[in-house]
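# What the coordinates show
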Amino acid sequence: MPYPPKRDDRIAAAVAEHWGAFTLLVIHADGAGDPDEARQTCVTPGTALAEQEFPSLVSVPCVPVRELEAWMLADAEAFHTLLGRGASPSLPADPEREADPKQTLRRILQDGDFRRGSERAHRLFGEEVRFEALRKLAAFQRFEADLCEAIQAIARASDAAD
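Here's what I pulled together on the structure shown here. (Residues numbered from 1 in each chain as written. Predicted model: local features only at pLDDT ≥ 70, side-chain atom pairs only at ≥ 80, totals over all residues. Heavy atoms only, no water.)

Moving on, we come to the pattern of salt bridges. Going through the model one piece at a time under the given rule, you end up with twelve salt bridges. The closest approach of N and O atoms between Asp 30 and Lys 102, which form a salt bridge, is 3.7 Å. Remark: Lys 102 occurs in helix H5 (residues 101–111) and Asp 30 occurs in the loop between strand S1 (25–28) and helix H2 (35–53); sequence separation between them is 72 residues. Under the relative-accessibility criterion, Lys 102 is labelled partly exposed at 30%. A salt bridge links Glu 67 to Lys 102; the shortest N-O distance between them is 3.6 Å. Separated by 35 residues along the polypeptide, Glu 67 in the loop between strand S2 (59–62) and helix H3 (69–72) and Lys 102 in helix H5 bring together distant segments of the chain. When its relative accessible area of 17% is taken as the criterion, Glu 67 is described as buried. (Salt bridge = Lys/Arg side-chain N within 4 Å of Asp/Glu carboxyl O. Helix = DSSP H or I, 4+ residues; strand = E, 2+ residues; numbered from the N terminus. Buried < 20%, exposed > 50% of the residue type's maximum accessible area, 1.4 Å probe, protein only.)

Put into structure tokens, the structure is as follows:
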């Protein structure tokens, strides 16, 4: 059965379909320059709808300032796995201020002769990017704080149930 066309309905449907298979739901939305607005319009309506059926749902929004690719631009070390140890990509000083992080990433990968596809690049960055580099980004700091708070809430609920 295909998912509904509206994002909030899709989130609620995905929660219903997979309820019991997860403890914590992380929902990504690109911030498009206004991460607070993206949280309110792209994440909160869907989690609120899902919470009507599943009141114990614990969720965390993952909303970069613009796009997730900006977080990939935060760590020069991660590029060494993709482009080789000798690579010295010209990364932006503040990746969250990049107007088009996808295009910047694409340019850096093309300049470095990376030809293995964006899915492989995303996977490698996910495996290689260092938290210390991400922690310099305000949107990641907020995500990490929200994630820690959610994990603590789950732990408290688990302790109370014991």
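Of the strand pairs in this sheet, S1 and S2 are connected by four bridges, and their pairing is parallel. Bridge assignment links Ile 27 to a residue of S2, and that residue is Pro 61. For the crossover from S1 across H2 to S2, the handedness is right-handed. (Pairing = 2+ DSSP bridges. Right-handed = clockwise from strand over helix to strand, strands pointing away.)

All right, on to helix H6 (residues 118–128) then. Here H6 has its buried residues at Ala 121, Leu 124 and Phe 125. Projected down its long axis, H6 carries its buried residues within an arc of 100 degrees, all on one side. In H6, those exposed residues whose orientation departs by more than 90 degrees from the buried face are Glu 119, Gly 126 and Glu 127. Taken together, the buried residues of H6 touch H3, helix H4 (76–83) and H5. (Arc of directions from axis to C-beta. Contact = heavy atoms within 4.5 Å.)

This brings us to unusual backbone geometry. Non-glycine residue Ala 32 carries a positive phi angle of around 50 degrees. With respect to the helices, strands and loops of the structure, Ala 32 is situated in the loop between S1 and H2. The exposure class of Ala 32 is exposed, given its relative accessible area of 67%. The phi torsion at Asp 113 lies on the positive side, around 65 degrees, for a residue other than glycine. Relative to the helices and strands, Asp 113 resides in the loop between H5 and H6. Exposure remark for Asp 113: the relative accessible area of 55% places this residue in the exposed category.

Moving on, we come to the packing of H4 against H5. The geometry of H4 relative to H5 is characterised by a closest axis approach of 11 Å and an angle of 45 degrees between their N-to-C directions. Taken together, the axes of H4 and H5 are oblique relative to one another. Crossing of H4 over H5 shows right-handed handedness. For the pair H4 and H5, the contacting residues are Phe 79, Leu 82 and Leu 83 in the first and Leu 105, Ile 108 and Leu 109 in the second. Looking at side-chain class alone, the contact of H4 with H5 contains six nonpolar, no polar and no charged residues. (Axes fitted to C-alpha atoms, helices over the stretch in contact; angles between N-to-C directions. Parallel < 35°, antiparallel > 145°, perpendicular 65-115°, else oblique. Left-handed = near helix turned anticlockwise from the far one by under 90°. Nonpolar A, V, L, I, M, F, W, Y, C, P; charged D, E, K, R; others polar.)

On to the state of the cysteines, then. Here the structure, examined in full by the defined rule, presents zero disulfides. Cys 42 carries a free sulfur, and the closest cysteine sulfur to it, the one in Cys 62, is 13 Å from it. (Disulfide = S-S within 2.5 Å.)

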